[in-house]
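Structure assessment
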Amino acid sequence: MSEQKPKLSEILRYLRQQRGWTLQQVSERSGVPVSTLSKVENDQLTLSYDKLMTLADGLDVDVAELFSHQARDATPSFLSGRPTGRRSLTMPGEGRAFESDNYIDHYLCADLRSKLMTPALSRIKARSIEEFGPLVRHQSEEFVYVISGVVEVHTEFYEPFLMPQGASAYLDSTMGHAYVSVGDEDAWVIVVVCNTHPGVPEGRPETAASSLEETSS
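Note that the coordinates shown come from a computational prediction; the quantities given were computed from them, not determined experimentally.

**Side note on the packing of aromatic side chains**
In the structure shown here, the tally under the stated rule is two aromatic pairs. An angle of 65° between the planes, with centres 5.8 Å apart, marks the rings of Y103 and F132 as edge-to-face. Here Y103 is found in strand β2 (residues 103–107), whereas its partner F132 is found in helix α5 (residues 129–132), with 29 residues between them in sequence. The pair formed by Y103 and F132 is uniform in burial state, with each residue classed as buried. Geometry around W21 places R19 over its ring, the cationic atom sitting 5.8 Å from the centre.

Structure representation (structure tokens):
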């Protein structure tokens, strides 16, 4: 029997109310406009990948938790100074899927919360930087490994470069970046994002994202 997946609107409202925050406070911490957050909570809007990453950072959660029932559970902390014995297993075909304009992401080991890393198996749909649109930015660092296909990587400070199957790169995610498939088929990659403030609800740096545009579903 399949379990009904929670909506982003439900998870956002729950996480916000759990913290006792208003939409304005979430906006100040994440940089996502109040009007956008309100539409998300009312199930009138979806978010692009970079905005989801920014929202997750502002809420101090793993981005996979925005699509997970685990977000309704009490938050465990692996920063308690004692071994927790945490582990997670994702079998073939499993993972929490999320599709945006440019990627189909399958978040792996999504049952663990407040992780230092967020791993994902991703299919890159965009076939040109023009199709991809503006470069994305989020508060983290990331590792990408090409499983199949050819990926063209665009960044804010470097010339575009090609990554064939087996190539890998490590990026500062605050630098604008984009992955584009340029081979005969959509490329598949493993992306591991390092969470900059896992499980630390106070004293985090403010996210520099003051002019995020709304993205309609």
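Still to come is the rest of the account.
**Some thoughts on the pattern of salt bridges**
Applying the stated criterion across every chain, the model contains seven salt bridges. As a salt-bridge pair, E41 and R16 come within 2.6 Å of each other at their nearest N and O atoms. With E41 in helix α3 (residues 34–41) and R16 in helix α1 (residues 8–19), this residue pair connects regions lying 25 residues apart in the sequence. Each member of the pair, E41 as well as R16, is classed as buried. With its nearest N and O atoms 2.8 Å apart, the salt bridge here joins R127 to D186. Of the two residues, R127 sits in the loop between β3 (117–124) and α5 while D186 sits in the loop between β8 (177–181) and β9 (187–195), which places them 59 residues apart along the sequence. Judged by relative accessible area, R127 falls into the partly exposed class, the value being 32%. Judged by relative accessible area, which is 23%, D186 ranks as partly exposed. Residues participating in the shared-partner salt-bridge network are R13, R16 and E41.

**Things to note about the packing of α1 against helix α4 (residues 49–59)**
The interhelical angle for the contact between α1 and α4, taken along N-to-C directions, is 25°, at an axis separation of 11 Å. Judged on the interaxial angle alone, α4 and α1 are roughly parallel. Where α1 crosses over α4, the two elements pack in a sense that is left-handed. Between α1 and α4, the contacting residues are L8, L12, L15 and R19 on the first element and L52, L55 and L59 on the second. Classifying every residue of the contact of α1 with α4 gives six nonpolar, no polar and one charged.

**Description of the sheet that holds strand β6 (residues 161–163)**
Strand pairing within a sheet occurs via backbone hydrogen bonds; the two strands may be parallel or antiparallel. The sheet built from three strands is open, its strands ordered β6-β5-β8 with antiparallel pairing. Among the strands making up the open sheet, the edge pair consists of β6 and β8. Averaged over all adjacent pairs, the angle separating strand axes in this sheet is 30°, with direction ignored. As judged from the five bridges shared by strand β5 (residues 151–155) and β8, these two strands associate in the antiparallel manner. If you follow T155 over to β8, its bridge partner there is H177.

**Let's talk about the confidence of the model for the chain**
Regions with low pLDDT should not have their predicted coordinates read in detail. Model confidence for the chain is summarised by a mean pLDDT of 79, while 80% of its residues fall at 70 or above. This model gives residues 71–80 a pLDDT under 50, and the stretch forms 25 contacts once residues within four places in sequence are excluded. Confidence drops under pLDDT 50 across residues 197–217; counting only partners more than four residues distant or on other chains, this segment forms 50 contacts.

**A look at the nonpolar core**
By size, the foremost hydrophobic cluster in this structure holds 48 residues, and its most contacted members are L59, L66 and V151. Per-element accounting of this core gives the leading share, six residues, to α4. Not counting residues within four places of it along the chain, the set of residues in contact with V151 comprises I124, V146, F161, L162, M163, Y179, V180, A187 and V189.

**Quick notes on unusual backbone geometry**
Although it is not a glycine, D43 adopts a positive phi angle of roughly 60°. Residue position: D43 is located in the loop between α3 and α4. Judged by relative accessible area, which is 46%, D43 ranks as partly exposed. Phi is positive for C109, which is not a glycine, with a value near 55°. Within the secondary structure layout, C109 lies in the loop between β2 and β3.

Analysis parameters
- All residue numbers refer to position in the chain's written sequence, counted from 1.
- It should be noted that, the model being predicted, local features are given only for residues of pLDDT at least 70 and side-chain atom pairs only at 80 or more, the latter also being counted only at that level, while totals for whole chains, interfaces and linings use all residues.
- To get the side-chain values, take all heavy atoms of the structure and skip hydrogens and water.
- Any two of the Phe, Tyr and Trp rings considered here, Trp counted by its six-membered ring, make a pair once their centres fall within 6.5 Å; the pair's planes then place it as stacked at under 30 degrees, edge-to-face at over 60, or tilted in between.
- Secondary structure follows DSSP: runs of H or I at least 4 residues long count as helices, runs of E at least 2 residues long count as strands, and numbering of each begins at the N terminus.
- Only protein chains enter the accessibility calculation, which uses a 1.4 Å probe; a residue whose area is less than 20% of its type maximum is buried, one above 50% is exposed, and one in between is partly exposed.
- Consider the ring centre and the ring normal. A charge sits over the ring if Lys NZ or Arg CZ is within 6 Å of that centre and within 35 degrees of that normal.
- Salt bridges are defined by distance alone: a side-chain nitrogen of Lys or Arg within 4 Å of a carboxyl oxygen of Asp or Glu.
- A fitted line through C-alpha atoms represents every axis, and for helices the fit uses only the stretch in contact; the resulting angles, taken between N-to-C directions, go from 0 to 180 degrees.
- Just so you know how the angles are binned, under 35 degrees is roughly parallel, over 145 roughly antiparallel, 65 to 115 roughly perpendicular, and the rest oblique.
- Crossing handedness is defined as follows: a turn of the near helix away from the far one that is anticlockwise and smaller than a right angle gives a left-handed crossing, while the clockwise case is right-handed.
- Contact definition: two residues touch when any of their heavy atoms are within 4.5 Å.
- Each residue is assigned to one class: nonpolar for Ala, Val, Leu, Ile, Met, Phe, Trp, Tyr, Cys and Pro, charged for Asp, Glu, Lys and Arg, and polar for all the others, Gly among them.
- Two strands are said to pair when DSSP picks up at least two bridges between them.
- Values of pLDDT, ranging from 0 to 100, describe the predictor's confidence in every residue of the model.
- The definition of a nonpolar core used throughout is a set of buried Ala, Val, Leu, Ile, Met, Phe, Trp, Tyr and Cys residues joined through side-chain atoms within 4.5 Å.

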